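Inside the fold
Below, each chain spelled out in residue letters.
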Amino acid sequence: MTPHINAKDGAFAKLVLMPGDPLRAKYIADTYLTDAKLVSDVRNVFMYTGYYNGHKVSVCASGMGVPSIGIYSYELFKEYGVEAIIRIGSAGSFKAEIKNYSLVLADSAYGENIAFRNGILPGHTETVVMPTKSLNKEIMDKAKSLNMNVLEKRVMTEEAFYTDKTVEERVEISGGAVCVEMESYGLFSVAEKLGKKAACLLTISDNLVTHEYTTSEERQNSFNEMMKLALSVAENYQ
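This report concerns the structure included in the present document. The structure displayed is predicted, hence computed values, not measured ones.

In this structure, Asn 6 sits in the segment before strand S1 (15-18). For Asn 6 and Lys 142, which are 136 residues apart along the polypeptide, the C-alpha to C-alpha distance reads 32 Å. Discounting chain neighbours no more than four positions away, the residues touching Asn 6 are Met 1, Val 39, Ser 40, Asp 41, Val 42 and Tyr 80. Engagement of the side chain of Asn 6 in a polar contact is seen with the side chain of Ser 40, the distance being 2.9 Å. Reaching out from Asn 6, the side chain makes a polar contact with the side chain of Asp 41 at a distance of 3.1 Å.

Looking now at the pairing of strand S8 (residues 150-157). Of the pairings in the sheet, the one linking strand S6 (residues 103-111) to S8 comprises eight bridges and is parallel in character. Of the residues in S8, the one forming a bridge with Val 104 is Leu 151. Note on the crossover from S8 through helix H5 (residues 167-174) to strand S9 (residues 179-181): the handedness is right-handed.

Glancing now at the pairing of S1. In S1, alternate side chains face the same way, and those of Leu 15 and Leu 17 on one face and Val 16 and Met 18 on the other are all buried. Alignment of S1 against strand S5 (residues 84-93), held across four bridges, turns out to be parallel. Of the residues in S5, the one forming a bridge with Val 16 is Ile 85. With two bridges connecting them, S1 and strand S4 (residues 55-60) associate as parallel partners.

The next thing to look at is H5. Buried within H5 are the following residues: Val 167, Arg 170, Val 171 and Ser 174. Down the axis of H5, the smallest arc covering the buried residues is 100 degrees, so these residues share one side. For H5, the exposed residues set more than 90 degrees away from the buried face come down to Glu 168 and Glu 172. A positive phi of about 75 degrees marks Gly 175, the residue just after H5.

If you trace the backbone, Thr 157 turns up in strand S8. Reaching out from Thr 157, the side chain makes a polar contact with the side chain of Glu 181 at a distance of 2.5 Å. Apart from residues lying up to four places away in sequence, Thr 157 is in contact with Val 66, Ala 109, Tyr 110, Gly 111, Glu 112, Glu 181, Met 182, Glu 183, Ser 184 and Tyr 185.

Okay, the environment of Ala 61 next. Along the polypeptide, Ala 61 turns up in the loop between S4 and helix H2 (66-80). For Ala 61, a relative accessible area of 0% corresponds to the buried category. Spatially, the C-alpha atom of Ala 61 lies 6.2 Å from that of Met 47, the residues being 14 residues apart in sequence. Apart from residues lying up to four places away in sequence, Ala 61 is in contact with Met 18, Pro 19, Gly 20, Asp 21, Pro 22, Ala 25, Val 45, Phe 46, Met 47 and Tyr 72.

Counting 74 residues, the largest nonpolar core has Phe 12, Leu 15, Leu 17, Leu 76, Ile 86 and Leu 201 as its most contacted members. The contacts of Leu 201, once residues within four sequence positions are left out, are Ile 86, Arg 87, Ile 88, Gly 89, Val 104, Leu 105, Val 150, Met 226, Leu 229 and Ala 230. With seven residues, the next largest nonpolar core counts Met 156, Val 167, Ala 177 and Val 180 among its residues.

Here we take up the packing of H2 against helix H6 (residues 184-194). Packed helix pairs are characterised by how far apart their axes lie and by the angle those axes make with each other. Packing of H2 against H6 brings their axes to within 8 Å, and their N-to-C directions diverge by 30 degrees. Classified by the angle between their axes, H2 and H6 sit roughly parallel to one another. The way H2 lies across H6 gives a crossing that is right-handed. Here H2 contributes Val 66, Ile 69, Gly 70, Ser 73, Tyr 74, Phe 77 and Lys 78 to the contact with H6, which in turn contributes Gly 186, Leu 187, Val 190, Ala 191, Lys 193 and Leu 194.

On inspection of all chains with the given rule, the structure shows 11 salt bridges. Arg 87 serves as the salt-bridge partner of Glu 183, at 3.0 Å between the closest nitrogen and oxygen. Residue Glu 183 is located in the loop between S9 and H6, and its partner Arg 87 is located in strand S5; the two are separated by 96 residues in the primary sequence. Here Glu 183 matches Arg 87 in class, with each residue buried. Through salt bridges with shared partners, one network takes in Arg 87, Glu 181 and Glu 183.

Criteria and thresholds
- Residues numbered from 1 in each chain as written.
- Predicted model: local features only at pLDDT ≥ 70, side-chain atom pairs only at ≥ 80, totals over all residues.
- Heavy atoms only, no water.
- Helix = DSSP H or I, 4+ residues; strand = E, 2+ residues; numbered from the N terminus.
- Contact = heavy atoms within 4.5 Å.
- Polar contact = N/O pair within 3.5 Å; in protein donor to acceptor, adjacent residues only side chain to side chain.
- Pairing = 2+ DSSP bridges.
- Right-handed = clockwise from strand over helix to strand, strands pointing away.
- Buried < 20%, exposed > 50% of the residue type's maximum accessible area, 1.4 Å probe, protein only.
- Arc of directions from axis to C-beta.
- Core = buried A, V, L, I, M, F, W, Y, C linked by side-chain atoms within 4.5 Å.
- Axes fitted to C-alpha atoms, helices over the stretch in contact; angles between N-to-C directions.
- Parallel < 35°, antiparallel > 145°, perpendicular 65-115°, else oblique.
- Left-handed = near helix turned anticlockwise from the far one by under 90°.
- Salt bridge = Lys/Arg side-chain N within 4 Å of Asp/Glu carboxyl O.

In structure tokens form, the structure reads like this:
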């Protein structure tokens, strides 16, 4: 056990899918996994392990923001032998043409929290960090086989959910991000620190140009294409 995870040794699969919302983790376990077991529930941050099409996989909530995903990903990687984490979350689109329910796979993440990165990787204050190329390729290969359209683009990991920055300002400072979320910069930094694999697969939940929004219930229950795509990668981690 760790300070934030009360699972037993061996409780997790080699691949973990990591939504932010604990209820989204529960939805995935209830809807897609067989023989799913709740293996950790500290602070109601639900974590499950089960099987998808016969392949062992875990689904673990991360909470919101870089510090939160930083804690859970670090402990899963370092203390539980997890090899790869795919963040599956929602994002706000910076492009009118990238509409709600579009899928975006981060090919890089611009992050504002360089203090976090410098804390776990002393001397590293890069604002742009990378996912694991091989894991991204696995996801894109699965997307092709499932006839899913996925955009592989830069994302912005923002610290303040409520900000006065315009969309145009955020696109410029991030070096061309197509959407905004709050965790991938932290996840990628932790994976780099520990020599593990990480990726970030997102569903657009809000368009910040056209102002089209989804409800919290829709975000929790309707991102099925993203969930199926991420779950399909489990067969590579047995």
